[in-house]
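Close look at the chain arrangement
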Amino acid sequence: MEDPRYRRLACELAERIREGVYRPGERFPSLRKTVERHGVSLTTAQSAYALLESWRLIESRPRSGYYVRDAIAPPVEPSPAPMQPPVAVEIRHEAAEVLRLCQREGVLDLGTAIPSAEFLPVERLRRAIGRVVRERMAEVVGMQFSAGMACLRRELAKRMADAGCAVSPEHIVVTNGGQEALLLSLRAMTRPGDTVAVESPTYVGLLQALESLGLHALEIPSHPREGVSLEALELALAQWEIRACAFMTANSNPSGASMPLEHKRRLVEMLAERGIPLVEDDEFGDLAEAGRRVPAAKAFDRQGLVSYCASVSKSLAPGLRVGWCVPGRFQDEVMFMKSFSSVSTPALCQMAVTEMMADGSYDRHLRQAHTRYAAQVQRFSAAIARHFPPGTTVSRPTGGFVLWVGLPEESDATVLCRLALREGVGIMPGHLFSASGRYRNHLRLNCAVPWSERVEHALMTLGRLAASAEVVSR
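With respect to the pairing of strand β6 (residues 195–200)
- In terms of residue burial, β6 counts as a mostly covered element, since six of its six residues are buried.
- Relative to strand β7 (residues 216–223), β6 is paired through six bridges, and the arrangement is parallel. Across the sheet, the residue bridging to Ala197 is Leu218, located in β7.
- The pairing of β6 with strand β9 (residues 244–248) spans three bridges and is classified as parallel. Residue pairing for β9: Ala197 is matched across the bridge by Cys245.

Right under this line is the structure:
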């Protein structure tokens, strides 16, 4: 008996995938195109696509169509192994050296999580800065109040409402980037020697902030899609004296995980019961999937224990160094420390961001940015599938532009980093995202780099080196 027509069609399309006509991560022909191209009914095409999905060759994405599945596995869920005790953080020298080497002339920097200028609204920013210089130069050269300019704080209050947070402009403190927001919040909540719970893996900049303040880090296992494990956190709270928590709740760097809304609510309630403050790092929040803003954990804060931190460094322009925090009950302490540390954020930068937000340019840019970054992430994932050794895993972020890549267990990404730099490629090895040196077989890649033959060749080089005896010999 002959195979049904839909099965024959599925086998034919599967062969095209295996031949590389349709590559991993690329968009698959729509149902309408397949109907026209193969002269079949819509029902036949739908049945064929369902079969290809069951074979895990393609996947359907809401409002986006069908895509060829990556030939690499997603990250595994965290091990149930017992957590390690809090540890002192000692990464600053190595982290600074890796960042310096990644940014040397002639190196293709795939390590630092900074978007290339080609992905930023440079022309719109130029016009915004021009208007400020022409019309408000007296304010540009004057000294501003340390909490930030009123015009920017009003715009930020509107954006906080989009994140489910009803705050007045007076509740917002403008900072020199998100890093200062993190640092000021932690300083207000802790004293040297205190323990701060962090997700694992976590942002290298957070670990640097903890080290600079003499704080210990307690690493909480995190789910690759849903973020920090609340069950593990509850066990840690019962076992250790934790002074504060610091988590990225959306598009976490480096894992790409985003906490479900109910998890955010439970997290805030769990900590409020114990009077433990939370630093919520929402640096990638504006780069959420399809530009849809999701309520932050701060939205559930009823006791002022959540200090919400964010910036435009990942979304608009890292060089402007405009960030902010909503420190809740810690506001007086944060404003005091801001006043004698950096005094204020440059007025020109604040006014340029205000112009972009007020006239809608910022939101228009975000809508375009998400589409472009999603395409970049898919391209990088597909190239990793082609070039990296079997056993490689790659994160599945729903926003942002970084990938968390896991090499086979016996690999050493520190060695890979050193070898790659010799060939002009910079990466960030995974152990720098852990206070205890975990993830030695992982690396973070920045996908916000324009795709080119040079990028393809760099990923091919990384894959070749990752499979070399020197990398897998430990």
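The structure having been displayed, the exposition proceeds.
Observations regarding helix α7 (residues 150–162)
- Here α7 is 13 residues long and its end C-alpha atoms lie 19 Å apart, about the 18 Å a rise of 1.5 Å per residue gives.
- Residues of α7 that are buried sit in contact with β5 (173–176), β11 (306–311), β12 (322–326), α13 (347–358) and α14 (361–387).

Quick notes on the packing of aromatic side chains
- Enumeration over the complete set of coordinates arrives at 10 aromatic pairs.
- Among the aromatic side chains, those forming a connected cluster through ring pairs are Tyr22, Phe28, Tyr49 and Tyr66.
- Lying over the aromatic face of Tyr67, Arg61 brings its terminal NZ or CZ to 3.9 Å of the ring centre.

Section: the packing of helix α15 (residues 413–422) against helix α16 (residues 453–466)
- Put simply, α15 and α16 touch, their axes get as near as 10 Å, and they point 135° apart. One way to sum up the angle between α15 and α16 is to call them oblique. Both α15 and α16 take part in a crossing whose hand is right-handed. In this structure, α15 contributes Leu416, Leu419 and Ala420 to the contact, and α16 contributes Leu462, Leu465 and Ala466.
- Tallied by class, the residues present in the contact of α15 with α16 amount to six nonpolar, no polar and no charged.

Observations concerning unusual backbone geometry
- The peptide bond linking Ser200 to Pro201 adopts the cis configuration, its omega dihedral lying at 5°.
- When you line up the elements, Pro201 lands in the loop between β6 and α9 (204–212).
- Residue Pro254 is bonded to the preceding Asn253 through a cis peptide linkage, with omega at 20°.
- Positionally, Pro254 belongs in the loop between β9 and α11 (261–274).
- At Tyr439, a position not held by glycine, the phi torsion is positive, near 65°.
- Secondary-structure assignment places Tyr439 in the loop between β16 (428–429) and β17 (442–446).

What about the nonpolar core?
- Residues Leu110, Leu210, Val405, Leu416, Leu445 and Leu462 are the most contacted members of the largest nonpolar core, which totals 110 residues.
- Ranked by residues supplied to this core, first place goes to α14 with eight residues.
- Each residue touching Leu416, except ones within four places of it in the same chain, is listed here: Leu407, Ile427, Leu443, Leu462, Leu465, Ala466 and Val471.
- Judged by nonpolar contacts, the second largest core, of 23 residues, contains Met83, Val228, Leu233 and Ala297.

A look at the packing of helix α5 (residues 122–135) against α13
- The geometry of α5 relative to α13 is characterised by a closest axis approach of 9 Å and an angle of 120° between their N-to-C directions. Taken together, the axis directions place α5 and α13 in an arrangement best described as oblique. Viewed along their axes, α5 and α13 form a crossing whose handedness is right-handed. Residues Arg124, Leu125, Ala128, Ile129, Arg131, Val132 and Val133 of α5 form the contact with α13, whose participating residues are Leu348, Met351, Ala352, Glu355 and Met356.
- When grouped by side-chain class, the residues that make up the contact of α5 with α13 number nine nonpolar, no polar and three charged.

A short note on the pattern of salt bridges
- What the rule picks out here adds up to 22 salt bridges.
- For the salt bridge of Arg136 with Glu139, the shortest nitrogen-to-oxygen distance reads 2.9 Å.
- Glu139 gets classed as partly exposed once you look at its relative accessible area, which sits at 32%.
- A salt bridge links Glu180 to Lys338; the nearest nitrogen and oxygen atoms lie 3.0 Å apart. With Glu180 in helix α8 (residues 177–189) and Lys338 in helix α12 (residues 331–341), the pair connects residues that are 158 residues apart, well separated along the chain.
- Its relative accessible area of 12% is what places Glu180 among the buried residues.
- Through salt bridges with shared partners, a single ionic network connects Glu59, Arg61 and Arg69.

Side note on the state of the cysteines
- Evaluation of the coordinates by the stated rule reveals zero disulfides.
- Its sulfur unpaired, Cys151 is 13 Å from the next cysteine sulfur, which belongs to Cys349.
- For Cys325, which is in no disulfide, the shortest distance to another cysteine sulfur is to Cys309 and amounts to 5.2 Å.

Cut-offs and rules
- Residue positions are given per chain, counted from 1 along the sequence in the order it is written.
- Local features in a predicted model are, by the rule used here, given only for residues with pLDDT of at least 70; side-chain atom pairs are given and counted only at 80 or more, and totals for whole chains, interfaces and linings are based on all residues.
- Computation of side-chain values: all heavy atoms of the structure, hydrogens and water removed.
- Throughout this description, buried means an accessible area under 20% of the type-specific maximum (1.4 Å probe, protein chains only), exposed means over 50%, and partly exposed covers the range between.
- The secondary structure listing takes helices from DSSP runs of H or I that are at least 4 residues long and strands from runs of E that are at least 2 residues long, numbered from the N terminus.
- Strand pairing is assigned whenever DSSP detects at least two bridges linking the two strands.
- Working rule for helices: expected span equals 1.5 Å times residues minus one.
- Two residues qualify as a contact provided that any one of their heavy atoms is within 4.5 Å of a heavy atom in the partner residue.
- Think of it this way: a Phe, Tyr or Trp ring, Trp meaning its six-membered ring, pairs with another when their centres are within 6.5 Å, and the plane angle makes it stacked under 30 degrees, edge-to-face over 60, tilted otherwise.
- Both a distance and an angle decide whether a charge sits over a ring: NZ of Lys or CZ of Arg must be within 6 Å of the ring centre and within 35 degrees of the ring normal.
- Interaxial angle, 0 to 180 degrees, is taken between N-to-C directions of lines fitted to C-alpha atoms, where a helix line uses only the stretch in contact.
- Each angle gets one of four labels, with under 35 degrees taken as roughly parallel, over 145 as roughly antiparallel, 65 to 115 as roughly perpendicular, and the rest as oblique.
- Working rule for handedness: look at the near helix, and if it is turned counterclockwise from the far one by less than a right angle, call the crossing left-handed; if clockwise, right-handed.
- Ten residue types, Ala, Val, Leu, Ile, Met, Phe, Trp, Tyr, Cys and Pro, are classed as nonpolar, four, Asp, Glu, Lys and Arg, as charged, and the remainder, Gly among them, as polar.
- Side-chain atoms within 4.5 Å are what join buried Ala, Val, Leu, Ile, Met, Phe, Trp, Tyr and Cys residues into a set we call a nonpolar core.
- When a carboxyl oxygen of Asp or Glu is within 4 Å of a side-chain nitrogen of Lys or Arg, the pair counts as a salt bridge.
- Note that a disulfide, as used here, is simply two cysteine sulfur atoms within 2.5 Å.

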